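Given next are the chains, with one letter for each unit.
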Amino acid sequence: MIYVALPVYNEMPHLSRTINCVLSQSEQDFKLICCVNQPDVFWTDEHKKHICHNNQSAINYLKSLNDDRISVLDYSSQGKGWKNNKIGVGMARKVTMDYIASIAEKHDIILCLDADTVFCKDYFKSIAENISQNPDIMAISVPYYHILSEDENLNKALLRYEIYMRAYLINMYRIENPFSFTALGSAIATPVWAYNKIGGMAPKKSGEDFYFLQSMVKSGKISNYNSKMVFPATRFSDRVFFGTGPALIKGNKGDWSSYPIYPISLFDDIGKTFNLFEKLFFGDVATPIDDFLIETFGNLPWEKLRNNCKDTNTFVKACYQKIDGLRILQYLKKNQIQDDSSDTIYLSELLQLYNIDISKTIGNLNLTDLNVIDLDRIRNILFDVEMQYRYME
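All values reported here derive from a predicted model rather than from experimental measurement. (Residues numbered from 1 in each chain as written. Predicted model: local features only at pLDDT ≥ 70, side-chain atom pairs only at ≥ 80, totals over all residues. Heavy atoms only, no water.)

### Focus: the sheet that holds strand S6 (residues 137–141)
(1) Moving on: In space, the seven strands of this open sheet follow the order S3-S2-S1-S4-S7-S6-S8, with mixed pairing throughout. Across the chains shown, the open sheet's two edge strands, defined by having one partner strand only, are strand S3 (70–75) and strand S8 (221–223). Each neighbouring strand pair of the sheet contributes to a mean axis angle of 20°, computed without reference to strand direction.
(2) Moving on: The strands touched by helix H1 (residues 15–23) within the sheet are strand S1 (2–8), strand S2 (30–37) and S3, with S2 carrying the most contacts at an inclination of about 165°. (Pairing = 2+ DSSP bridges. Helix = DSSP H or I, 4+ residues; strand = E, 2+ residues; numbered from the N terminus. Axes fitted to C-alpha atoms, helices over the stretch in contact; angles between N-to-C directions. Contact = heavy atoms within 4.5 Å.)

See below:
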């Protein structure tokens, strides 16, 4: 059985497109669990009350479908909304996925969506077949491709952000790092047994998808390939503290400092360090990220890890636990040297590694100056490289 976990927050009229995709699936053996949610205090805030009414419309719409496969978790009606610090899409995903885990069998599938995402009629079928053929995987990080809108500025921001994400993932694949994944809440599937194994999803206000997949990597194996992908909508949104929506808002103002193209040399340093893990079991050796580790942990972690590990394999796994995807991102951010030309330089370096020359068709790679057509060309080039890695897993 496929259980679809769908958070809903101020999503009318986007919701009907996603629901139509769900109801049109070739695989009809599913249950859709919709968590319609917002903080309860919104009911007394004249500036937020419209979200409550929007959510009530969503509840009425979902119930009007009169489909016994669709269930609504009402965390929106007056008196039922989030209270205290229990807010955000992370809490909505956790509540929905926890509910599914409580009623489903261990080999059933939890499929995460967002209420503005579309997909083909065989998407559910592809997920079920993927997990059936790979019963040991903990989760699938599904390939994605954002749909462009009619707003040119929005499209520019989206494409710039997607170029950042794809450049990051390609570099992680290139150094064969275990934390090679892209975390999108609308593009995750997991068997119930795997969800339970890691203790479920942490109720983060934002970034819950990242921490969820990171926990999966630490506990087992995830897959980044699926024969069908999802197509998230492109829109400005401040409903989460960080992620695609806030990135687009920030980027539209010309600030990409939080989402740069990182130099390949920093990824190489990460790769060299991870390749030294086995050797470090037998004694300290210098790594390219020693200064960062000392600053982060107060001292180098190797001796303490060695004392708690009986063999090399256990030690390497402990290193993965210690220097995880979050630490990698922190290292990149701390050591990134960014100026007006850095994104152009680092993107050019990455493309050159794959013998890709787009100077004749695009010319200057300055991402700030490029139009939507040229940005989309770069997005598609990186998409093709990324999909080759995903396919070869």
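### Observations concerning the pairing of S1
(1) Moving on: For S1, a buried count of seven out of seven residues is recorded, marking the element as mostly surrounded by other parts of the structure.
(2) Moving on: Because side chains alternate across S1, one face comprises the buried residues Ile-2, Val-4, Leu-6 and Val-8, and the other comprises Tyr-3, Ala-5 and Pro-7, equally buried.
(3) Moving on: Judged from the seven bridges that link them, S1 and S2 form a sheet pairing that is parallel. Note that in S2 the partner of Val-8 across the bridge is Val-36.
(4) Moving on: With H1 bridging S1 and the parallel S2, this β-α-β connection has right-handed handedness.
(5) Moving on: Summarising the sheet, S1 and strand S4 (residues 109–112) pair through four bridges and their orientation is parallel. Paired with Val-4 across the strands is Leu-111, a residue of S4. (Buried < 20%, exposed > 50% of the residue type's maximum accessible area, 1.4 Å probe, protein only. Right-handed = clockwise from strand over helix to strand, strands pointing away.)

### As for the packing of aromatic side chains
(1) Moving on: Under the criterion given, the structure shown has 25 aromatic pairs.
(2) Moving on: Arranged with centres 5.8 Å apart and planes meeting at 70°, the rings of Tyr-168 and Phe-267 form a pair that is edge-to-face. Of the two residues, Tyr-168 sits in helix H5 (residues 152–174) while Phe-267 sits in helix H9 (residues 264–275), which places them 99 residues apart along the sequence.
(3) Moving on: The class of Tyr-168 is buried, set by a relative accessible area of 13%.
(4) Moving on: Phe-267 sits in the buried class, given a relative accessible area of 1%.
(5) Moving on: The ring of Tyr-144 has Arg-166 sitting right over it, with the charged end atom 4.1 Å from the ring centre. (Phe/Tyr/Trp six-rings, centres within 6.5 Å; stacked < 30°, edge-to-face > 60°. Lys NZ or Arg CZ within 6 Å of the ring centre and 35° of its normal.)

### Looking at the side chain of Asn-55
(1) Moving on: Here Asn-55 lies in helix H2 (residues 49–64).
(2) Moving on: By relative accessible area, Asn-55 is classed as buried at 0%.
(3) Moving on: The residues contacting Asn-55, other than those within four sequence positions of it, are Val-8, Tyr-9, Asn-10, Val-36, Asn-37, Gln-38 and Ser-76.

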